[in-house]
Amino acid sequence: KDEGIAKRRAMTTTPPRSAIPTAMNNDGTIMSDGTSVHVVEPKAIYTVDDIPSLKARLSEPNINDTNLLEIVRGFRKMLSVEHNPPVDEVLGSGVLPIFVQMLQL
């Protein structure tokens, strides 16, 4: 397992300096050598304390795809921690039936 993690870490590279965007447009995109690239927001790190708010956001009637993806990723990342993943807390929150319902769509 440790070897696999080490290999994945070794595969990540830093983009060349010329590929780093330099200017931002008015529409929230950044320009780099004439190409438009969407601005990437910093990734949130969720904890067990965030489960109720994530569940509330997940239950919103008109949730957009971007928010839905962020919420699902948040739960996935919480459950992917190496030591003591909060499985019981996530299952106890009642989100599993919501995820199953989303898979049936």
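Described in the following lines is the structure provided in the data block. (Residues numbered from 1 in each chain as written. Predicted model: local features only at pLDDT ≥ 70, side-chain atom pairs only at ≥ 80, totals over all residues. Heavy atoms only, no water.)

**Examining the packing of aromatic side chains**
Within the structure shown, the criterion is met by one aromatic pair. Judged by centre distance (5.5 Å) and plane angle (80 degrees), the rings of Phe75 and Phe99 are edge-to-face. Of this pair, Phe75 sits in helix H3 (residues 65–79) while Phe99 sits in helix H5 (residues 96–103), and the two are 24 residues apart along the sequence. (Phe/Tyr/Trp six-rings, centres within 6.5 Å; stacked < 30°, edge-to-face > 60°. Helix = DSSP H or I, 4+ residues; strand = E, 2+ residues; numbered from the N terminus.)

**What about the nonpolar core?**
Formed by Tyr46, Ile51, Leu54, Leu58, Ile71, Phe75, Met78, Val90, Val95, Ile98 and Phe99, the largest nonpolar core amounts to eleven residues. Taken together, the elements giving at least two residues each to this core come down to helix H2 (51–58), H3 and H5. Once residues lying within four places of it in the same chain are set aside, the contact partners of Tyr46 are Leu54, Arg57, Glu70, Gly74 and Met78. (Core = buried A, V, L, I, M, F, W, Y, C linked by side-chain atoms within 4.5 Å. Buried < 20%, exposed > 50% of the residue type's maximum accessible area, 1.4 Å probe, protein only. Contact = heavy atoms within 4.5 Å.)

**Comments concerning a nonpolar patch on the surface**
The grouping of Leu79, Val87, Leu91, Leu96 and Val100 at the surface amounts to a nonpolar patch, some 390 Å² of accessible area in total. Residue assignment for the nonpolar patch shows that the elements contributing at least two residues are helix H4 (87–93) and H5. When you line up the elements, Val100 lands in helix H5. (Patch = residues over 30% accessible without salt bridge, like charges linked within 9 Å, V, L, I, M, F, W, Y side chains within 5 Å. Areas by Shrake-Rupley, 256 points an atom, 1.4 Å probe, with all protein chains shown as cover. Salt bridge = Lys/Arg side-chain N within 4 Å of Asp/Glu carboxyl O.)

**Details of the packing of H2 against H3**
One way to put it is that H2 packs onto H3 with a least axis distance of 10 Å and a crossing angle of 150 degrees. The hand of the H2/H3 crossing is left-handed. For the pair formed by H2 and H3, the contact residues are Ile51, Leu54, Lys55, Arg57 and Leu58 on the first element and Asn67, Leu68, Glu70, Ile71, Phe75 and Met78 on the second. Residues belonging to the contact of H2 with H3 are distributed by class as follows: seven nonpolar, one polar and three charged. (Axes fitted to C-alpha atoms, helices over the stretch in contact; angles between N-to-C directions. Left-handed = near helix turned anticlockwise from the far one by under 90°. Nonpolar A, V, L, I, M, F, W, Y, C, P; charged D, E, K, R; others polar.)

**What about H3?**
Helix length check: H3 (15 residues) gives 21 Å between terminal C-alpha atoms against 21 Å at 1.5 Å per residue, within 8%. Along H3, the residues that are buried comprise Ile71, Gly74, Phe75 and Met78. Take H3 and look down its axis: the buried residues cluster within an arc of 90 degrees, on one side only. Away from its buried face by more than 90 degrees, H3 exposes Asp65 and Thr66. Structurally, H3 contributes buried residues whose contacts are with H2, H4 and H5. Where H3 begins, the capping side chain belongs to Asn64, and its oxygen is found 3.2 Å from the backbone nitrogen of Thr66. (Expected span 1.5 Å × (residues − 1). Arc of directions from axis to C-beta. Polar contact = N/O pair within 3.5 Å; in protein donor to acceptor, adjacent residues only side chain to side chain.)

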